[in-house]
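If you want the building blocks of each chain, they are given just below.
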Amino acid sequence: MTRVRPVLGWDIGGVNTKAVRVRLRNGAGPELESASVPYEIQHDLAALADTLRLIAQRLGAAEGWAHAVTMTAELSQAFRTKREGVGAVLDGVLAAFPSDLVRVFTVDGRFVDPDEARAFPLAVGASNWVATATVAARLAPDAILIDIGTTSTDLIPIVAGRVAARGRTDPARLSTGELVYTGAVRTPVEAIVREVPLWDGRASVSAEAFATSGDAHVWLGTLAPDDYTAPTSDRRPVSREASGERLARVVCGDRDMLDEAAIDAIARAVVEAQMEQVVNGIRLVRGAFPTLRTAVVTGLGEFIAAEAARRSGLDVVSLTSHWGSVARVAPAAAVGWLLAEQLADTR
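## Examining the overall build of the protein
Consideration 1: On a plain count of helices and strands, the protein comes out with twelve helices and 14 strands.
Consideration 2: Looking at the protein as a whole, 55% of its 347 residues qualify as buried.
Consideration 3: Within the protein, residue pairs in contact and separated by at least 24 positions form 62% of the contacts whose partners lie at least 6 positions apart.
Consideration 4: A gap of 5 Å separates the mean positions of the 36 positive and 42 negative side-chain charges of the protein.

## Digging into the packing of helix 1 (residues 48-58) against helix 2 (residues 82-96)
Consideration 1: Their axes nearest at 8 Å, the elements helix 1 and helix 2 cross at an angle of 50 degrees. Between helix 1 and helix 2, the angle falls in the class oblique. Two packed elements cross with a definite hand, and for helix 1 against helix 2 that hand is right-handed. In this structure, helix 1 uses Leu48, Ala49, Leu52 and Arg53 to contact helix 2, whose residues at the interface are Ala88, Val89, Gly92, Val93, Ala95 and Ala96.
Consideration 2: Considering only residue class, the contact of helix 1 with helix 2 consists of eight nonpolar, one polar and one charged.

## Digging into the environment of Thr72
Consideration 1: Along the polypeptide, Thr72 turns up in the loop between strand 4 (66-71) and helix 2.
Consideration 2: In the structure, Thr72 is positioned 184 residues away from Asp256 in sequence and 41 Å away in space, judged by C-alpha atoms.
Consideration 3: What Thr72 contacts, discounting residues up to four positions off in sequence, is Ile12, Gly13, Gly14, Ala126 and Asn128.

## A closer look at the packing of aromatic side chains
Consideration 1: Scanning all chains against the criterion turns up three aromatic pairs.
Consideration 2: Between Trp10 and Phe97, the aromatic rings sit 5.7 Å apart at their centres with planes inclined by 35 degrees, giving tilted as the arrangement. Separated by 87 residues along the polypeptide, Trp10 in strand 1 (residues 7-12) and Phe97 in the loop between helix 2 and strand 5 (101-105) bring together distant segments of the chain. Each member of the pair, Trp10 together with Phe97, is buried.
Consideration 3: The cationic tip of Arg138 hangs over the ring face of Trp337; the distance from NZ or CZ to the ring centre is 5.6 Å.
Consideration 4: Directly above the aromatic system of Trp219 lies the positively charged group of Arg240, at a separation of 3.6 Å from the ring centroid.

## What to know about the packing of helix 7 (residues 213-220) against helix 9 (residues 260-288)
Consideration 1: Packing of helix 7 against helix 9 brings their axes to within 9 Å, and their N-to-C directions diverge by 120 degrees. When the axis of helix 7 is compared with that of helix 9, the two are oblique. The handedness of the crossing between helix 7 and helix 9 is left-handed. In this structure, helix 7 uses Ser213, Ala216, His217, Trp219 and Leu220 to contact helix 9, whose residues at the interface are Glu260, Ile263, Asp264, Ala267, Arg268, Val270, Val271 and Gln274.
Consideration 2: Residue composition of the contact of helix 7 with helix 9, grouped by class: seven nonpolar, three polar and three charged.

## A look at the pattern of salt bridges
Side chains that carry opposite charge are capable of pairing whenever their charged atoms lie near each other.
Consideration 1: Tallied over the full model, the rule gives 24 salt bridges.
Consideration 2: Where Glu33 meets Arg21, a salt bridge forms, and the shortest distance between an N and an O atom there is 2.7 Å. With Glu33 in strand 3 (residues 28-38) and Arg21 in strand 2 (residues 16-25), the pair connects residues that are twelve residues apart, well separated along the chain.
Consideration 3: The class of Glu33 is partly exposed, set by a relative accessible area of 32%.
Consideration 4: Arg21 sits in the buried class, given a relative accessible area of 16%.
Consideration 5: Across the pair Arg310 and Glu307 runs a salt bridge, and its minimum N-O distance is 3.6 Å. Note that Arg310 and Glu307 are positioned in helix 10 (residues 302-311) at a spacing of three residues, about one turn of the helix.
Consideration 6: The network of salt bridges with shared partners includes Asp215, Asp234, Arg236, Glu245 and Arg246.

## Details of the pairing of strand 11 (residues 195-198)
Consideration 1: Bridging between strand 11 and strand 12 (residues 201-204) involves four bridges; their strand directions are antiparallel. What sits directly across from Pro197, in strand 12, is Arg202.
Consideration 2: Counting the residues that bridge the hairpin from strand 11 to strand 12 gives two residues, and of these Trp199 lies at a positive phi of roughly 55 degrees.

## With respect to unusual backbone geometry
Consideration 1: Of note, the phi angle at Ala160 is positive, near 55 degrees, even though the residue is not glycine.
Consideration 2: Among the secondary structure elements, Ala160 is positioned in the loop between strand 8 (153-159) and strand 9 (162-163).
Consideration 3: The class for Ala160 is exposed, based on a relative accessible area of 60%.
Consideration 4: In this structure, Trp199 takes a positive phi of about 55 degrees despite not being glycine.
Consideration 5: Relative to the helices and strands, Trp199 is located in the loop between strand 11 and strand 12.

## Looking at the environment of Leu8
Consideration 1: Positionally, Leu8 belongs in strand 1.
Consideration 2: For Leu8, a relative accessible area of 0% puts it in the buried group.
Consideration 3: As a C-alpha pair, Leu8 and Ala66 span 58 residues in sequence and 6.3 Å in three-dimensional space.
Consideration 4: The residues contacting Leu8, other than those within four sequence positions of it, are Val20, Arg21, Ala56, Leu59, Ala61, Trp65, Ala66, His67 and Ala68.

## Points about the side chain of Asp154
Consideration 1: Structurally, Asp154 is set in strand 8.
Consideration 2: Owing to a relative accessible area of 10%, Asp154 belongs among the buried residues under this scheme.
Consideration 3: Here Arg173 takes part through its side chain, which lies 2.3 Å from a polar atom of the side chain of Asp154.

The rules behind each value
Residues numbered from 1 in each chain as written. Predicted model: local features only at pLDDT ≥ 70, side-chain atom pairs only at ≥ 80, totals over all residues. Heavy atoms only, no water. Helix = DSSP H or I, 4+ residues; strand = E, 2+ residues; numbered from the N terminus. Buried < 20%, exposed > 50% of the residue type's maximum accessible area, 1.4 Å probe, protein only. Contact = heavy atoms within 4.5 Å. Lys, Arg positive; Asp, Glu negative; His and termini not counted. Charge placed at Lys NZ, Arg CZ, Asp CG, Glu CD. Axes fitted to C-alpha atoms, helices over the stretch in contact; angles between N-to-C directions. Parallel < 35°, antiparallel > 145°, perpendicular 65-115°, else oblique. Left-handed = near helix turned anticlockwise from the far one by under 90°. Nonpolar A, V, L, I, M, F, W, Y, C, P; charged D, E, K, R; others polar. Phe/Tyr/Trp six-rings, centres within 6.5 Å; stacked < 30°, edge-to-face > 60°. Lys NZ or Arg CZ within 6 Å of the ring centre and 35° of its normal. Salt bridge = Lys/Arg side-chain N within 4 Å of Asp/Glu carboxyl O. Pairing = 2+ DSSP bridges. Polar contact = N/O pair within 3.5 Å; in protein donor to acceptor, adjacent residues only side chain to side chain.

The values reported here are purely geometric and, on their own, carry no functional implication.
Structure representation (structure tokens):
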């Protein structure tokens, strides 16, 4: 079978950087292999190029490969503006792969060169959801894509095989319900709930970033400790025991004061409230697109997405069942796939 040159699809975030190697094959689906590294760009911007090279090496990249880039790192507090952030990310990519073809994905579904990306930063910042939805439309041409990562949730309407999102920037998507800022790992508990059950009553939660959504999911067993791909609130290891200690601090307590049942009640309250946040976002999207009856679910938080979809009365299509574990980094896979197809068409 004829092969085209490999493409690395990149989803460069503020705390995690993901890549997928895409090889197209005639008469068969693409070969997909992923790699990711937890990397907080805010704390070490200078390490971006080395981080990209490290990931590329893990995927066997060689000089002459193509790179399809999407990013959310421009929102990092390392930068004063998204324009500055887009420019810094592109600097890192070009420093890492100076002789390779680099194309940047836009919110209107095009690939542009780095110079055009710099000139129109709002067109390329946070465009990763468009890539995922474009490919997901091939599985379900009328659906809502629900992609839950470590930090946030994308709820993207797909109508007649086309991305039908009303918002194009993060602020606009927040206002339409197409972006819900809750994720499987990094969301602070106090951003999800204002109070939780405690003993025979309820208690207000502290606003001290003592615990995150990831701690609640690890405690309940819905998230594996190895999938907690972010620093913990106290910088201690990830384990069920340590997550319980962090959850106890949500009500300014500790494990000497709170038994297993008390921690369990706190964790379940956090998870249930987070689920309602996603369900409410689905409700807003379906209000604009009431005929949609299917959800394509993906991301590290696919388990949250699937349950929220079922509670909303939607049929569930799992991207993992089609892509395997690569679905956890769906935007990187999708953007690489789309560029590989474009390059194959222009050979």
